[in-house]
Amino acid sequence: MSEQQAPPFSAWEREIAARYLRARRDEGGVALIAVISFIAITLAVSVLIIVISVMNGFRSDLSNLILGFNGHDYVVVAGQSPAERDAALARIRAVPHVIQAVPVVESEAFAQSQDGAAGAVVRGVDPADLKAMKLIAGNIKDGSLAGFGAGDDGGDHLLLGARLAQSLGVRAGDPVTLTGPSGAATALGTVPIQKTYVVGGVFEVGMSEYDQTFVYMPLKQAQLFFNRGAGVDYIEVKLDDVDLAPSIKPALTEAGGRGAVVSDWTEKNQDYFGALQVEHNVMFLILALLVLIASLNIISALVMLVKNKARDIAILRTIGARQSSILRIFFLCGSAIGAAGTAAGVAIGVLFCAFIVPIQHFVEWLFGVKVFNAKIYFLSQLPARLDIGEVVIITVFSLLCAFLSTLYPAWRASRLDPVEALRYE
């Protein structure tokens, strides 16, 4: 088949492009520059995938913990009698998509033991509701729920977060003294209430902020301790789909009855989740620029290749090769570097994310340091969540950058005058 009849990117064009990429420096090749370009693109793409996946993992794990530990909607029914509140609670549980509605008393307190002291947030919940909270009841690391809520007044057993128990130096069965913010009024003023409880169990949900802060107390005992009478602070509502939380608020308001005020998790955590999204977008943009900069190395490689292969270009033009064929040959050279670097970067990034926990443990073992401190990052291990859509976007973006970077040097090669090229050889 003659060159005029050969289709674009035909076998002879691909063969010449491959030969140029394999050529050594003394043969007019640019193998070293091509390797550097390949490595740069590989590192940039893999780093972009790894960082974005880790950020996705952080956002996903923290979101799951926050929404698993806390409610999706909150109904405040202040001013209602116990009978009215119980009726409202029944109506709320009957609202479509509601899977749990829990009356809660919540307040801050000061926890003390023989070995330490720390501030805490005490949540009073009914024992049956606590057992239905899988994130808590399913993560008891010490003790049990056996004594939680025993007795007419709720008993004296508490559940402590693992890090809070560690700070206080207590385990299941040990005493803990709580000091509340309000108490009995005397001639000298209000005296803070203080009572000693027994640690019935220790839970660990995997988010250090919660494990360090929260104490669960039987609802009746919390009402007594915090002087709430028969009232509660709010009703915590969980749904089968957290994204429905804003849209279901009118139905919950109606079900809540007189004086009910409803808020949802998007309002309570708006700044937090908004900051995570902004951070994700900015980091993606910055690392995408690194991919672009890495792809620009292809220009240097092709410019050197065109200069070294000027005589070959002239000979090809002399024997009948069209300008478009020369352009495609050098376009293939640059595109091959970009495509290979992108493929290697995607493979490394995906494998790194798949084995990120073993890699974390190996690095910690090798250097003897803690590379992921749960006290700082809230999670017990480094998370990574691959988003196939983002991986595809990164791949397409990297290939596009590589292809565009080859166009100008390839165009310059196609415009090379064969007479001038041979004259100075």
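In this text, all values refer to a predicted model and were calculated from it rather than measured experimentally.

Trainee: Would you explain the packing of helix α2 (residues 31-69) against helix α12 (residues 297-308) in this entry?
Mentor: Packed helix pairs are characterised by how far apart their axes lie and by the angle those axes make with each other. Running from amino to carboxyl end, α2 crosses α12 at an angle of 165°, the nearest separation of the two axes being 9 Å. When the axes of α2 and α12 are compared, the pair comes out roughly antiparallel. In the packing of α2 onto α12, the handedness of the crossing is left-handed. Here Ile33, Ala34, Ser37, Ala40 and Ile41 of α2 come into contact with α12, specifically with Asn297, Ile298, Ser300, Ala301 and Met304. When the residues that make up the contact of α2 with α12 are grouped by side-chain class, the tally is seven nonpolar, three polar and no charged.

Trainee: What is the right way to look at the confidence of the model for the chain in this model?
Mentor: Parts of the model with low pLDDT should not have their predicted coordinates read in detail. Of all residues in the chain, 89% attain a pLDDT of 70 or more, and the chain-wide mean is 84. The secondary-structure element of the chain with the lowest mean pLDDT is helix α16 (residues 374-377), recorded at 56, while strand β8 (residues 214-218) shows the highest, at 94.

Trainee: Please explain the environment of Ala294 as it appears in this structure.
Mentor: Looking at the element boundaries, Ala294 is found in helix α11 (residues 270-295). The class for Ala294 is buried, based on a relative accessible area of 7%. Considered as a pair, Ala294 and Ser398 are 104 residues apart in the sequence and their alpha carbons are 9.3 Å apart. Those residues in contact with Ala294 that lie beyond four places of it in its chain are Ala40, Ile41 and Ala44.

Trainee: Sorry, what's going on with the packing of aromatic side chains here?
Mentor: When we look at a pair of aromatic rings, we describe it by the centre distance and by the angle of the planes. Taken as a whole and assessed by the stated rule, the structure comprises eleven aromatic pairs. Consider the rings of Phe69 and Phe214, whose centres lie 4.9 Å apart with planes at 65°: the pair is edge-to-face. Remark: Phe214 occurs in strand β8 and Phe69 occurs in helix α2; sequence separation between them is 145 residues. The pair formed by Phe69 and Phe214 is uniform in burial state, with each residue classed as buried. Consider the rings of Phe362 and Trp365, whose centres lie 5.9 Å apart with planes at 35°: the pair is tilted. Placement of the pair is Phe362 and Trp365 together in helix α15 (residues 356-367), with a separation of three residues, close to one helical turn. Residue classification places Trp365 among the exposed positions, given a relative accessible area of 66%. Among the aromatic residues, those joined into a cluster by ring pairs are Phe69, Phe203, Tyr210, Phe214 and Tyr216. One residue, Lys268, lies across the ring of Tyr234, its end atom 5.9 Å from the ring centre.

Trainee: How should I be thinking about the nonpolar core in this particular structure?
Mentor: Soluble globular proteins: nonpolar side chains tend toward being buried together. Counting residues in hydrophobic clusters, the biggest one holds 46 residues, and the most contacted among them are Val75, Leu130, Ile136, Tyr216 and Leu252. Secondary structure elements with two or more residues in this core: α2, β1 (73-76), α3 (82-93), β2 (98-112), β3 (117-125), β8, β9 (234-239) and α9 (249-256). Among the elements that take part in this core, α2 stands out by supplying eight residues, more than any other. Other than its neighbours up to four places away in sequence, Leu130 contacts Val125, Ile136, Ala137, Leu145, Phe148, Leu159 and Tyr216. With 33 residues, the next largest nonpolar core counts Ala40, Ile298, Ile326 and Ile329 among its residues.

Trainee: What exactly am I supposed to notice about the side chain of Thr177 here?
Mentor: Secondary-structure assignment places Thr177 in strand β6 (residues 175-186). A relative accessible area of 18% means that Thr177 is categorised as buried. Polar side-chain contacts of Thr177 include one of 3.0 Å to the side chain of Thr196.

Cut-offs and rules
- Residues numbered from 1 in each chain as written.
- Predicted model: local features only at pLDDT ≥ 70, side-chain atom pairs only at ≥ 80, totals over all residues.
- Heavy atoms only, no water.
- Axes fitted to C-alpha atoms, helices over the stretch in contact; angles between N-to-C directions.
- Helix = DSSP H or I, 4+ residues; strand = E, 2+ residues; numbered from the N terminus.
- Parallel < 35°, antiparallel > 145°, perpendicular 65-115°, else oblique.
- Left-handed = near helix turned anticlockwise from the far one by under 90°.
- Contact = heavy atoms within 4.5 Å.
- Nonpolar A, V, L, I, M, F, W, Y, C, P; charged D, E, K, R; others polar.
- pLDDT = per-residue confidence, 0-100.
- Buried < 20%, exposed > 50% of the residue type's maximum accessible area, 1.4 Å probe, protein only.
- Phe/Tyr/Trp six-rings, centres within 6.5 Å; stacked < 30°, edge-to-face > 60°.
- Lys NZ or Arg CZ within 6 Å of the ring centre and 35° of its normal.
- Core = buried A, V, L, I, M, F, W, Y, C linked by side-chain atoms within 4.5 Å.
- Polar contact = N/O pair within 3.5 Å; in protein donor to acceptor, adjacent residues only side chain to side chain.

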